[in-house]
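# Notes for the structure review
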Amino acid sequence: LIKISWEALEWERDHWIDPKFLKKLALDIKEIKENWFQIALVLWWWNIFRWIAWSANGMDRSAADYMWMLATVMNWVAMQDALDSAGCETRLMSALDIPEVWEKYIKREWIRHLEKWRIVICVAWTWNPFFTTDTAWVLRSLELECDMMIKATKVDWVYTKDPNKYSDAELIKNATYDEVIKEDIRVMDQTWIALAREWKLKLKVVNLYKEGAMLRAVQADEEGTT
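The structure displayed is predicted, hence computed values, not measured ones. (Residues numbered from 1 in each chain as written. Predicted model: local features only at pLDDT ≥ 70, side-chain atom pairs only at ≥ 80, totals over all residues. Heavy atoms only, no water.)

### Quick notes on the overall build of the protein chain
For the record, the criterion: Each helix is a run of DSSP H or I of at least 4 residues and each strand a run of E of at least 2, with the numbering of both proceeding from the N terminus. Relative accessibility thresholds used throughout: buried, under 20% of the residue-type maximum; exposed, over 50%; partly exposed, between the two (1.4 Å probe, protein chains only). Whether two residues are in contact is decided by their heavy atoms: any pair within 4.5 Å suffices.
Of the regular secondary structure elements, the protein chain holds 10 helices and 9 strands. Among the 226 residues that make up the protein chain, the fraction classed as buried is 50%. Here the analysis covers contacts within the protein chain between residues at least 6 apart in sequence; of these, 67% occur between residues at least 24 apart.

### Notes on helix α5 (residues 73-85)
Short version of the rule: To estimate how far a helix should extend, the number of its residues minus one is multiplied by 1.5 Å.
In this model α5 runs 18 Å from its N-terminal to its C-terminal C-alpha over 13 residues, within 8% of the 18 Å that 1.5 Å per residue would give. All buried positions along α5 are accounted for by V73, N75, W76, A78, M79, Q80, A82 and L83.

### Here we look at the side chain of K204
To be explicit about the condition: Here a polar contact is taken to be a pair of N or O atoms separated by no more than 3.5 Å, where protein atoms must pair a possible hydrogen donor with a possible acceptor and residues adjacent in sequence count only if both atoms sit in side chains.
By the secondary structure assignment, K204 is in strand β9 (residues 203-207). Only 3.1 Å separates the side chain of K204 from the backbone oxygen of A220, close enough to count as a polar contact. At a separation of 2.7 Å, a polar atom in the side chain of K204 contacts the main-chain carbonyl oxygen of E223. Filtering out sequence-adjacent residues up to four positions away, K204 remains in contact with M148, M149, I150, K151, A217, A220, D221, E222, E223, T225 and T226.

### What to know about the sheet that holds β9
Applicable threshold: Between any two strands, at least two bridges found by DSSP are needed for them to pair.
One open sheet accounts for 7 strands, arranged β4-β3-β5-β2-β1-β6-β9; its pairing is parallel. Strands with a single pairing partner mark the edges of an open sheet, and in this sheet they are β4 (103-104) and β9. Two elements, strand β3 (residues 90-94) and strand β5 (residues 119-123), share 5 bridges in a ladder whose sense is parallel. Bridging from a neighbouring strand, S94 pairs with V123 of β5.

### As for the packing of aromatic side chains
Working definition: an aromatic ring pair is given by the centre-to-centre distance plus the angle between the planes. Formally: Pairing of aromatic rings covers Phe, Tyr and Trp, the last counted by its six-membered ring, and requires centre-to-centre distances within 6.5 Å; plane angles under 30 degrees mean stacked, over 60 mean edge-to-face, and any other angle means tilted. Charge over a ring is defined by NZ of Lys or CZ of Arg lying within 6 Å of the ring centre and within 35 degrees of the ring normal.
Scanning the model with the defined rule gives 4 aromatic pairs in all. Their ring planes at 50° and their centres at 5.0 Å tell us that Y66 and W127 sit as a pair that is tilted. Here W127 lies in the loop between β5 and α7 (133-143) and Y66 lies in helix α4 (residues 61-71), a separation of 61 residues in the sequence. R140 extends its terminal NZ or CZ atom over the ring of Y105, reaching a point 3.7 Å from the ring centre. The aromatic ring of Y166 is capped on one face by K161, whose charged end is 5.4 Å from the ring centroid.

None of the figures reported here should be taken as evidence of function without further support.
Set out below in structure tokens:
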């Protein structure tokens, strides 16, 4: 199950959707499928609406969260269209029921789509306020008994600190979940790190923009941080 960072769609455009990069991303995902890997996607994007800024200015957190999830509906539809154009068969499955656009999330139906080699996109996460995409990422990975979670983001590795801000940031090639919790390394929400640790989920962090990085990540351990 691949979690795609919010920077993906906006790329060289400010807070919107970059169709050129979206096409490239679709081809990268298609390449993974063509190497006989079943793929599900969770998409985390702030390119249209940033709930943090609204919440900080007095907006009710629940309302902001619902707006955030609804705003990203356009991103999910754009991602599906790009994958379809690349020749992939896809399904949108959502925790929010909008039958004109996607199917309601049902575990057995999702597994059936994967067995038919369709790429399944998890829409609206769990449709609960106060939870992030990390919630859906870990929960869906557990439900579907995924072999690996991949976080596709803007860096090649995980570091002890932000390497763009701190010259003494150290690269982490491999880490246990205990080490991530102890050192407070911001890979995902601490609550869901604990759940991933309990169920021994394998997680890889790779560079979304690096050619072939996601495919290499699912094929071998050399790519990114494990």
